[in-house]
Amino acid sequence: MRFKLLKVAALSLVVMTSGCSMFERLVYHPDINQGNYLTPAEVAKVQQGMTQQQVQFALGTPMLKDPFGSQTWYYVFREEPGHQKVRQETLTLTFDSNGILTKIDKQGNMPNFASPETKS
């Protein structure tokens, strides 16, 4: 009787701790990718002085456009690999009132791109 009680206690302990982190690697977590995936070749096409139509042709539709009147476009790519940290890349493009690209800002591991100021 005592042996059965010990087995039941051990089994219930295993069941209750099955959600703990030591079992996390055994559970399948799918990779989740969201947003605009941009290749280095696509990002390299973008240069200051381009129009909104030229940028949209090169990169596609942005994930977000600033709704408050400023001409800012956001290309966001968020990658959540199964058991790894979340990675996010953001390309922010700012246009002037005439629709000409004036500022390019990148965050994350976005591929390098050419701008007129950095060319030698």
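To keep things clear, this report deals only with the structure shown in the data block. What you see is a predicted model, and the numbers here were worked out from it, not measured in a lab. (Residues numbered from 1 in each chain as written. Predicted model: local features only at pLDDT ≥ 70, side-chain atom pairs only at ≥ 80, totals over all residues. Heavy atoms only, no water.)

### Examining the overall build of the chain
At step 1: What the chain contains, in helices and strands, is 3 helices and 5 strands.
At step 2: Element order for the chain, N to C, with α for helix and β for strand: α-β-α-α-β-β-β-β.
At step 3: Counting across all 120 residues of the chain, residues that qualify as buried make up 23%.
At step 4: Long-range pairs, those at least 24 residues apart, make up 46% of the contacts in the chain between residues at least 6 apart in sequence. (Helix = DSSP H or I, 4+ residues; strand = E, 2+ residues; numbered from the N terminus. Buried < 20%, exposed > 50% of the residue type's maximum accessible area, 1.4 Å probe, protein only. Contact = heavy atoms within 4.5 Å.)

### Some remarks on the nonpolar core
At step 1: Judged by nonpolar contacts, the single largest core of 14 residues is most densely connected at Val55, Leu59, Tyr75, Leu91, Leu93 and Leu101.
At step 2: Elements that contribute at least two residues to this core include exactly helix H3 (52–59), strand E3 (72–80), strand E4 (87–95) and strand E5 (101–107).
At step 3: With sequence-adjacent residues up to four places away left out, Leu101 is seen in contact with Val46, Gln47, Gln48, Gly49, Met50, Val55, Leu93, Thr94 and Phe95. (Core = buried A, V, L, I, M, F, W, Y, C linked by side-chain atoms within 4.5 Å.)

### Looking at the pairing of E4
At step 1: Here E3 runs beside E4; their pairing, made up of 8 bridges, is antiparallel. What sits directly across from Phe77, in E4, is Glu89.
At step 2: Hairpin connection, E3 to E4: the antiparallel pair is bridged by 6 residues.
At step 3: As defined by bridge partners, E4 adjoins E5 across 6 bridges and the pair is classed as antiparallel. From the neighbouring strand, Thr94 faces E5, where its bridge partner is Lys103.
At step 4: Linking two consecutive strands that pair antiparallel, namely E4 and E5, is a turn of 5 residues; a positive phi of about 85° is found at Gly99 within it. (Pairing = 2+ DSSP bridges.)

### Here's the deal with H3
At step 1: Buried residues of H3: Gln52, Val55, Ala58 and Leu59, and no others. Looking straight down H3, one finds that the buried residues subtend no more than 130° of arc, so they occupy a single side. Exposed side chains of H3 directed beyond 90 degrees from the buried face belong to Gln53 and Phe57.
At step 2: Taken together, the buried residues of H3 touch helix H2 (40–45), E3, E4 and E5.
At step 3: Following H3 by one or two positions, Gly60 adopts a phi angle in the positive range, close to 90°. (Arc of directions from axis to C-beta.)

### Re the side chain of Gln52
At step 1: By secondary structure assignment, the location of Gln52 is in helix H3.
At step 2: Apart from the residues lying within four places of it in its own chain, the contact partners of Gln52 are Gln71, Trp73, Phe95 and Gly99.

### Remarks on the packing of aromatic side chains
At step 1: Scanning all chains against the criterion turns up 2 aromatic pairs.
At step 2: Relative to Phe77, the ring of Tyr37 lies with its centre 5.3 Å away and its plane at 70°, an arrangement referred to as edge-to-face. Placement of the pair is Tyr37 in the loop between strand E1 (32–35) and H2 and Phe77 in strand E3, with a sequence separation of 40 residues.
At step 3: Relative accessible area serves as the criterion here: at 8%, Phe77 is assigned to the buried category. (Phe/Tyr/Trp six-rings, centres within 6.5 Å; stacked < 30°, edge-to-face > 60°.)

### Considering the pattern of salt bridges
Pairing between side chains of opposite charge can happen when their charged atoms approach one another.
At step 1: Applying the stated criterion across every chain, the model contains 2 salt bridges.
At step 2: Across the salt bridge formed by Glu79 and Arg87, the nearest N and O atoms sit 2.4 Å from each other.
At step 3: On the basis of relative accessible area, Arg87 is assigned to the partly exposed category, the value being 31%.
At step 4: Between Glu89 and Arg87 there is a salt bridge, with the nearest N and O atoms lying 2.3 Å from each other.
At step 5: Overall, Glu89 belongs to the buried group, its relative accessible area being 6%.
At step 6: Here the residues in one salt-bridge network are Glu79, Arg87 and Glu89, joined through shared partners. (Salt bridge = Lys/Arg side-chain N within 4 Å of Asp/Glu carboxyl O.)

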